[in-house]
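# Architecture and fold: a report
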Amino acid sequence: MFSTFNFEEGPPPADPPKRINRKDRSVKYLRALSAQKDRQQHVPPRSDQEPSTSEQLAPVINASLPRPGILRVMFRNWISAMEHDERESEPDRDPTTTNAEVTHTGNTGEQRDILPSPPIFVPHVTGWAQVKAVCKDTWLKLRYFYVSENSVFYYYWTGIISIGTIWNMFAMVIFIFDDVHDGYFKQWLYVNLFFDFLFFLDCVVGARMTFDLEGNEVKETTKMFKNYRGSNRFKLDALCLFPIDAFLILDSHKSMLRLVRVFKAYRLYEFIQLTQRRTNFPHFMKILFLLLSCLTLFHWNACIYFRFSLAEGLTEDDENAFGFSYYKVFDPRFPTCDAYHDEGCMYPEEPDIMDIRAVRWDRRKEMYAFWQSNDPSLLQKSLRWTTLGVEYDWNTKQYPTNGRPVPEELYQLGNLISNSLKLGDMKPDATILNYYPPKSALSPHVDKSERSNAPLISMSLGQTAVYLSGALSLSEPPIPLWLRNGDFLIMHGEQRLVYHAIPCIGPKVEKMEFERDEETPMITDYLNCSRINFTIRQVNP
Ligand SMILES: O=C(O)CCC(=O)C(=O)O
Ligand SMILES: [Fe+2]
């Protein structure tokens, strides 16, 4: 896991020779190293040397141990270590000059090692002891690890933290959208907690960063920690560790609180610097990071725009208004009016200045102009909806408590359908007519502004539409249906409050041809390329 480990403050390593005078550094040191190598590789001594203790004991060990494997290897290592210690404790053959090799005076056996008697005690290594050894080893590695700024580990670790930073930059404003909030709050929270944990580990890494002191790389844990504590990095990291998600569990709409995590952007910057130092394609990387910055800025720009639109009141109907609307998302168009000079193009700053009746009157004038001009394209472009009976306010998304009655025919139609479906009498007091010119759509929504439980009766005229019928939450996949000319769709009971949408209508789906009615040619012309939908509703109980 870690790139480098510091054992300076840990227990001394077992193998390097204990005496470090000059002659030790030469032959004795090499001898110790080669003994160590022998032990690691289990290489038997060369045949031209005298047989070692381990060689002489090998048959005994093999015979006495019940099973080969780990125990035998450990025992052998133990013997080999004994042999090494014997050599270490031998008096120097020639203390003044060199330790080179012992000169054998002959085969008298006087100078040969005396064979120790076969060991009586065989260390019993249990699985538990091995686990303890591994734990201790891991603990020491963790206790004394250090990270240097130029290590590969640090580079990759910075990369991982940068992903967390980018996640925060993109997803912290996510709950501006209510439907996203309803569908994905938990998932969002889990990802946040995961990256917060990584940010915590990043503080640990920060506290184990080596630093340069008068040309020396300082690796002592206490000094590294003190250095981290006094740095700006520590302050930023501490801010980013603030447990914001605890507040979000209490009030899940305050996702902007995570804005504080943006302080981690300095790690992203560090990653960019490190990458540019390492890469063979510095220009390519520069362009990539520039693109990333642009994407982030565009994203934030869109979010701020959406925030303003929320403050002003969202518009669902007017494509030319300043505010955000789902129409613009599904069917993006550039405003046709001059936003700087034309007052009508902007949303009024005070919501109560906007008089929906005045807007409606403007629309009526447009309709009248259309009627007179005989140009169906005019109507197709401008007309999106109209209301009969109690007038729905698209800004506040509310109905007033009273208004004009709905036309008698619609009242009767609503009751007829409700009674034939055995849903009882209803008192229809509002009807919304939606006009769907080619390429238009209606975004997913729930009709929840009505204050009664009466059914909602929807009638389709003209071109066929695809209707998506969802569930109580947007995360559930919807069922698509065709709605053709003359179809009725009734939303009642549990289905009354499900999400639904019209993703597309018109000739691309299935062209309906109506014979031109000479009395009302405009209407048949309109229905030959567009769709009209009536929804008969009971607003007040
Ligand atoms: O056009 C449709 O079929 C659906 C209309 C609708 O959902 C509405 O007016 O709320
Ligand atoms: Fe609806």
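What you see is a predicted model, and the numbers here were worked out from it, not measured in a lab. (Residues numbered from 1 in each chain as written. Chains lettered and ligands numbered in written order. Predicted model: local features only at pLDDT ≥ 70, side-chain atom pairs only at ≥ 80, totals over all residues. Heavy atoms only, no water.)

Two elements in contact, helix α10 (residues 265-278) and helix α11 (residues 282-312), have axes separated by 9 Å at closest approach and are oriented at 160°. The orientation of α10 with respect to α11, classified from their angle, is roughly antiparallel. Our pair here, α10 against α11, has a crossing hand that is right-handed. Here Ile272, Thr275 and Gln276 of α10 lie close against α11, whose contacting residues are Met285, Lys286 and Phe289. Its residues placed into classes, the contact of α10 with α11 shows three nonpolar, two polar and one charged. (Axes fitted to C-alpha atoms, helices over the stretch in contact; angles between N-to-C directions. Helix = DSSP H or I, 4+ residues; strand = E, 2+ residues; numbered from the N terminus. Parallel < 35°, antiparallel > 145°, perpendicular 65-115°, else oblique. Left-handed = near helix turned anticlockwise from the far one by under 90°. Contact = heavy atoms within 4.5 Å. Nonpolar A, V, L, I, M, F, W, Y, C, P; charged D, E, K, R; others polar.)

Another point: the site of ligand 1. Looking at ligand 1, the residues that line it are Asn434, Tyr436, Leu442, His445, Asp447, Leu483, His500, Ile502, Arg531, Asn533, Thr535 and Arg537. Here an oxygen atom of ligand 1 and a side-chain polar atom of His500 are 2.9 Å apart. One nitrogen or oxygen atom from the side chain of Arg537 is found 3.1 Å from an oxygen atom belonging to ligand 1. Calculation on ligand 1 without its partners gives an accessible area of 290 Å², and the protein chains cover 94% of this total. (Near = heavy atom within 4 Å. Polar contact = N/O pair within 3.5 Å; in protein donor to acceptor, adjacent residues only side chain to side chain. Areas by Shrake-Rupley, 256 points an atom, 1.4 Å probe, with all protein chains shown as cover.)

A separate point is unusual backbone geometry. The backbone of Glu214 shows a phi angle near 50°, a positive value even though the residue is not glycine. For Glu214, the location among the structural elements is in the loop between β3 (211-213) and β4 (216-218). The residue Lys422 is not glycine, and still its phi comes out positive at about 60°. Looking at the secondary structure, you find Lys422 in the loop between α15 (408-420) and β6 (430-436).

What follows concerns the coordination of the iron ion (ligand 2). The iron ion (ligand 2) binds to the protein through His445 (NE2), Asp447 (OD) and His500 (NE2), with metal-donor distances spanning 2.1 to 2.2 Å. On the accessibility criterion, Asp447 (11% relative accessible area) is buried. (Donors = N, O, S within 2.8 Å, 3.2 Å for Na, K, Ca; no water. Buried < 20%, exposed > 50% of the residue type's maximum accessible area, 1.4 Å probe, protein only.)

For the rest of this paragraph, the subject is the packing of helix α5 (residues 152-171) against α11. At a closest axis distance of 9 Å, the pairing of α5 and α11 adopts a crossing angle of 30°. It follows from the interaxial angle that α5 and α11 lie roughly parallel. For the pair α5 and α11, the contacting residues are Ile166, Met169 and Phe170 in the first and Leu292, Leu295, Thr296, His299 and Trp300 in the second. Per-class residue counts for the contact of α5 with α11 are six nonpolar, two polar and no charged.

Let us look at the nonpolar core. Ranked by size, the top nonpolar core spans 15 residues in total, and within it Leu433, Tyr435, Ile457, Tyr526, Leu527, Ile532 and Phe534 carry the most contacts. Secondary-structure elements contributing two or more residues to this core are α15, β6, β8 (456-462), α16 (521-527) and β13 (531-537). Counting residues per element, this core draws most heavily on β13, at three residues. (Core = buried A, V, L, I, M, F, W, Y, C linked by side-chain atoms within 4.5 Å.)

What follows concerns the pattern of salt bridges. Within the structure shown, the criterion is met by 14 salt bridges. For Arg261, the salt bridge identified is with Asp196, shortest N-O distance 2.8 Å. Here Arg261, found in the loop between α9 (244-250) and α10, pairs with Asp196, found in helix α6 (residues 178-207); they are 65 residues apart in sequence, far enough to count as distant. Among the residues examined, Arg261 registers a relative accessible area of 1% and is labelled buried. The buried category is assigned to Asp196, whose relative accessible area is 13%. (Salt bridge = Lys/Arg side-chain N within 4 Å of Asp/Glu carboxyl O.)

Counting buried positions along strand β9 (residues 465-469) gives four out of five residues, so the element sits mostly inside the fold. Relative to strand β10 (residues 479-483), β9 runs antiparallel, the two sharing five bridges. What sits directly across from Leu468, in β10, is Pro480. (Pairing = 2+ DSSP bridges.)

The sites that UniProt annotates as "binding site: Fe cation" (unreviewed entry) are His445, Asp447 and His500. Annotated residues spanning 56 residues; largest pairwise C-alpha distance 9.0 Å, indicating a single compact cluster. Among the structural elements, Asp447 can be located in the loop between β7 (442-445) and β8. Those residues in contact with Asp447 that sit more than four places away from it in its chain are Leu456, Arg496, Leu497, His500 and Arg537. Within the structure, the side chain of Asp447 is placed 3.4 Å from the side chain of His445, a separation counted as a polar contact. Its place among the elements puts His500 in strand β12 (residues 500-505). (UniProt positions renumbered as here; feature names shortened; annotations may be inferred.)

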